[in-house]
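Here is how the chains run, residue by residue.
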Amino acid sequence: MTSRVRVGIAGTGCYAPERVLTNQDCAKLVDTSDEWIVQRTGIRERRFAADGQATSDMCVRAARRALEAARVSPEEIDLVVVGTLTPDYLLPSCSCLVQNQLGCKNAGAFDVAAACTGFLTALHTGEAFIAAGRAKRVLVIGAETLSRFLDWEDRTSCILFGDGAGAAVLVPLEERAQGEILKTTLGADGSSFDLIHMRGGGSLVPPTHDSVDRKEHFIRLKGRDVFRFAVTKMAELIESMAEGHSYEEIGLIVPHQVNGRIIEAAMERVGWPLDKAMINIDRYGNTSAASVPIALDEAVRQGRLKPGQLLISVAFGAGLTWGGTLVRW
Ligand code: UT7
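Since we're looking at a predicted model, the values are computed, not measured.

Caption draft 1: Main features of the overall build of the chain. Tallying secondary structure elements over the chain gives 11 helices and 13 strands in all. Computed over C-alpha atoms, the radius of gyration of the chain comes to 19 Å, within 12% of the 20 Å expected from 2.2 N^0.38 for 329 residues, which places it in the range of a compact globule. Here the C-alpha coordinates of the chain stretch approximately 55 × 45 × 35 Å along the principal axes. Among the 329 residues that make up the chain, the fraction classed as buried is 55%. Within the chain, counting contacts between residues at least 6 apart in sequence, those at least 24 apart form 77% of the total. Counting every atom, the chain has about 14,200 Å² of accessible surface; 51% of that belongs to carbon and sulfur.

Caption draft 2: View of the pairing of strand β11 (residues 250–255). Burial runs high along β11: 6 of the 6 residues are buried. Where β11 and strand β12 (residues 310–317) come together, 5 bridges link them in parallel fashion. When the sheet's bridge partners are listed, Pro255 is paired in β12 with Val314.

Caption draft 3: Local environment of the pattern of salt bridges. Taken as a whole, this structure holds 19 salt bridges when the rule is applied. With a closest N to O distance of 2.8 Å, Glu127 and Arg4 form a salt bridge. One end of the pair, Glu127, is in helix α5 (residues 118–131); the other, Arg4, is in the segment before β1 (7–15), and 123 residues separate them in sequence. A relative accessible area of 6% means that Glu127 is categorised as buried. The partner of Asp297 in a salt bridge is Arg301, and the shortest N-O contact between them spans 2.8 Å. On the criterion of helical spacing, the pair formed by Asp297 and Arg301 is a turn pair, its members being 4 residues apart in helix α11 (residues 291–301).

What counts as what
- Residues numbered from 1 in each chain as written.
- Predicted model: local features only at pLDDT ≥ 70, side-chain atom pairs only at ≥ 80, totals over all residues.
- Heavy atoms only, no water.
- Helix = DSSP H or I, 4+ residues; strand = E, 2+ residues; numbered from the N terminus.
- Rg over C-alpha atoms; globule rule 2.2 N^0.38 Å.
- Buried < 20%, exposed > 50% of the residue type's maximum accessible area, 1.4 Å probe, protein only.
- Contact = heavy atoms within 4.5 Å.
- Areas by Shrake-Rupley, 256 points an atom, 1.4 Å probe, with all protein chains shown as cover.
- Pairing = 2+ DSSP bridges.
- Salt bridge = Lys/Arg side-chain N within 4 Å of Asp/Glu carboxyl O.

Put into structure tokens, the structure is as follows:
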């Protein structure tokens, strides 16, 4: 029996499109206000992709930064995994477009569909491939162009989301890794599939004039129910990742940037100060699968993680799905 390979993160990168939509801009489109959005969500602005720019384009930009940080060439990558709920096409996968544009000519490629848990699902998949000796260097990405799926007549959802991408290069620990992935968990509860839902566009409700007229190609959510679930699940995930470690060992929590109040309430439940959490929702909104890797990359580049410290990342989203990771930096 071959022994399990220890897996590390060699480099991270992110990309957010240039176009900024402030809360004041939102208030011109829908009945809302900067004050309401800031108080209820912590969001001040979000980035939207330019016309003609899609998810693969943002993946490529984030991935180039991660590859550069990792000092790994595209040819050295043997697997590309993209977590997204907004791929360029239903067919083929976003990861194949990314593989081609980056020149990862020795890589396999597939997408994972786990909504806001998409990046952690991609990370865990990459980690498992390397740990089992099935791949050596894996590029994992979380990216979304949610702006294309927002109903600007539904103020409860349209103000929440933004576009962007984040990436990480995973390698065997001995190969220039910055941090070792120590623990991972994934979970799901499909009985609540309708809490965050896009009804149209799939095999059950294919696109038709009627489905477009009924506005079935937009994201719908039951915000209050998600809120309750999110606080409990986020606190549970943090506690389970931290189990066996002291408070002092934990350097930083990188949570899914779902809502500033949800992060605050979860940290309060765990009994930790808010400054132990990386928060950038004010500048990006909720970028779903991109939120964790964008926050992680910003934290790394800001030097918020010191060597030896533990990093906990947690996410949850439509499905319902959830995931947690513990990394020794
Ligand atoms: O990543 C997973 C996807 N994310 C989510 O599913 C979001 C999770 N949920 C949330 O973040 C929060 O529930 C929201 C931010 C969506 C809503 O915040 P809330 O504190 O739960 O507000 P609420 O739904 O209880 O609504 C309170 C009031 C309502 O008015 P009434 O019924 O009290 O008169 C809403 O109609 O706020 C109203 N409202 C708004 N007012 C101004 C809802 N959206 C807006 C808005 N601007 N954009």
